[in-house]
Amino acid sequence: MAPPPPATTKVSEFNQKDNHWYCTAGLASDITIGIDNVFFHLHKFPLMSRCGKIASILEESQNSQAEPFSAELVEFPGGPETFLIVAKFCYGVRVELTPKNIVKVYCAADFLEMTEEYGEDNLSVKSESYFHKTVLRNWKDCVLSLQSSEPVTPRAEKLQLVSKCLGALSMMACTDPSLFGWPMKMYGSLQSPGGSILWNGINTGARIRSSESDWWFEDISSLSLPLFERLVQTMKSRGMRPEHLARAIMYYARKYLPGLGRWQSGEVGKTRTVFSMTPAVVDQRVLLESIERLLPEKKGKSFCRFLLGLLRVSMILEISPECRESLEKRIGMQLDMASLDSLLIPNYSDADTLYNTDCVERIVTHFLSSERNISLFSPSSLDLEASPSSESLRKVAKLIDDYIAEIASDVNLKSEKLCSLAEALPDSSRSLHDGLYRAVDIYFKAHPWLSDSDKEKICNIIDYQKLSIDACTHASQNERLPLRVVLQVLFFEQLQLRSALAGCLNTFDTESVPAGQTTAATDMAGQIIQRDGWVTVVRENQALKVNLESMKSRVGELEQEFGKIKQEMQKVVKSHSSLSSPRLLARKIGCKLLQQPSDQQSDIIESVVRSPRASVELARPSRQSRHRKSVSLQ
């Protein structure tokens, strides 16, 4: 016999004591339904008139005379809470369908066969109508229903409730969110001063969603990992843009992987959730491997930073080698977009070195072996930066040089590892070796016990012909370098100095040489001039050159003037009649002679007839002689 109903407070004509529920209908219960060790003491007729499954059970047990009748419903969808809703519906008590219980009630009605055959407007019809007309048309209700479907996933899958929710969410995420359960006008007069939405002037308490594409990230992050994966796949099949999917995946990963968010700079904008949901319980190792599979084959600056953070966390969680290798390949295909701080991956194993250099070396290998044909995200998303392959190689070379310089201060770093990292890239990737020289100098400073032979082996990674003037100057005075290396630096510096000086001299006569051939030499010469303080000397030489050109021009004018005088003198000599009178000759050429002996007159004529070059010397006598001549020619 079942225990008598306890005298407890009525709750919709159903009372509970411990694990027993009683219906206070005024009649003794004649059927007991057990669900997960919770027992419902009810009556046969209300249940048989609505539930086909219970009617079948009672028909099969007609020969049993046991009173009251007991039945155990194994694997009942939704558990005792859902069966209580079903029982109340069978007794005609008003029940409320909500987004949080609709999937369970729908599955329970299907389990109990509560169709139109067992009563008009039965629970199956009501559940189906509410699900299609209310839940699937509202983003919030759809997410809540999908989240609450976890306990009844197998039957919900059979009824296609999960797939319908996923499809509805995908469609709404690809469309304007204001069209689903929200006012068409979300700003302006419909916004309260506190930021809430006003509906007909009434504060609804709901906060406005962001107009950005990330408004749905927080909402779907409450889903379990299997549902989240299926939702991402559904959105992808519906044509969701890859950058939006990537940002949603990154948001989900940062929420459930502690330590990942600290390596991000908040690329995803702040989202505003309009309702609260319980976060999902996620296995971090399984999550990371699933995230790696979901990520698109794209590249971007922020995306590369996220991948490096994911790789760092994967080493802490010790995920499978296959997943780690896949992450390294993804990073290698976009290594030119990585930053130094994100590449400094700590060594979480028992190794002596501070940073995981083996991982970076593998990433560089993947970068060189990949075809680098991975496509970018669409413009204006995830901080994109397109660059050609040669430019990518140059960026990676600079990044690795900075990385080696950063890890060179580690006293446990082996010289072989430093050399292997430097030689991982081809020689053509570096136009200058200043970065390598800086890294080697830092390494020598942190490892003062190295012998000269060991230092020379390390210095072999440097091409001294690719050092700048500043680097050569520093190296020639660096006491940490071996003497043989210093001599090599001085030798190549002299070669550069000689070529630079030649280029510097060629700049004085650029009219005869194309500009392109003197550019490099001029630049090198400029560095040497600035370094050795020759700027003043070069400027003085240029000033002297200008004065020399002016003097040449003046000499040319004097030559023309004296040439004319010579022609006039020759005409005078030919005129014999005019030679008899020196004063007439002087008057002929416009000169007034003083009284002088005849032999002095011949000297003057000879001096006038001299060559123009000699006349230049006459044009530069002392000040007194010039005055004397001017007086004699008046």
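Criteria and cut-off values
Residues numbered from 1 in each chain as written. Predicted model: local features only at pLDDT ≥ 70, side-chain atom pairs only at ≥ 80, totals over all residues. Heavy atoms only, no water. Core = buried A, V, L, I, M, F, W, Y, C linked by side-chain atoms within 4.5 Å. Buried < 20%, exposed > 50% of the residue type's maximum accessible area, 1.4 Å probe, protein only. Helix = DSSP H or I, 4+ residues; strand = E, 2+ residues; numbered from the N terminus. Contact = heavy atoms within 4.5 Å. Phe/Tyr/Trp six-rings, centres within 6.5 Å; stacked < 30°, edge-to-face > 60°. Lys NZ or Arg CZ within 6 Å of the ring centre and 35° of its normal. Pairing = 2+ DSSP bridges. Expected span 1.5 Å × (residues − 1).

## Details of the nonpolar core
Core analysis: the biggest nonpolar cluster contains 149 residues, and Leu42, Phe83, Leu112 and Trp216 have the highest contact counts within it. Looking at this core, the element that brings in the most residues is helix H13 (residues 301-317), giving 10 residues. Apart from residues no more than four positions distant in its own chain, Leu112 is found in contact with Cys51, Gly52, Lys53, Ile54, Leu73, Phe76, Phe83 and Val86.

## Observations regarding the packing of aromatic side chains
All told, the structure shown has 12 aromatic pairs when counted by the stated rule. For the ring pair Phe228 and Tyr252, a centre distance of 3.9 Å and an interplane angle of 15° mean the geometry is stacked. Of the two residues, Phe228 sits in helix H10 (residues 225-237) while Tyr252 sits in helix H11 (residues 242-256), which places them 24 residues apart along the sequence. Each member of the pair, Phe228 together with Tyr252, is buried. On the numbers, 5.3 Å between centres and 70° between planes, the contact of Phe491 with Phe492 is edge-to-face. Taking relative accessible area as the criterion, Phe492 reaches 19% and is therefore assigned buried. Geometry around Phe111 places Lys53 over its ring, the cationic atom sitting 5.0 Å from the centre. Here the guanidinium or amino end of Lys455 rests over the ring plane of Phe444, the centre of that ring lying 5.4 Å away.

## Here we look at the pairing of strand E4 (residues 38-42)
Within E4, 4 of the 5 residues are buried, which leaves the element mostly enclosed by the surrounding structure. As paired elements, strand E2 (residues 20-23) and E4 share 3 bridges and run parallel to each other. Residue pairing across strands places Trp21 opposite Phe40, the latter belonging to E4. Where strand E3 (residues 31-35) and E4 come together, 5 bridges link them in antiparallel fashion. Bridge pairing in E4 places Gly34 opposite Phe39. Counted between consecutive antiparallel strands, the loop separating E3 from E4 contains 2 residues, among which Asp36 sits at a positive phi close to 50°.

## A closer look at H13
Between its terminal C-alpha atoms H13 stretches 25 Å, which fits the 24 Å expected from 17 residues at 1.5 Å a residue. For H13, the tally of buried residues reaches 15 of 17 residues, placing the bulk of the element in the interior. Residue Glu318 follows H13 closely and has a positive phi angle near 55°.

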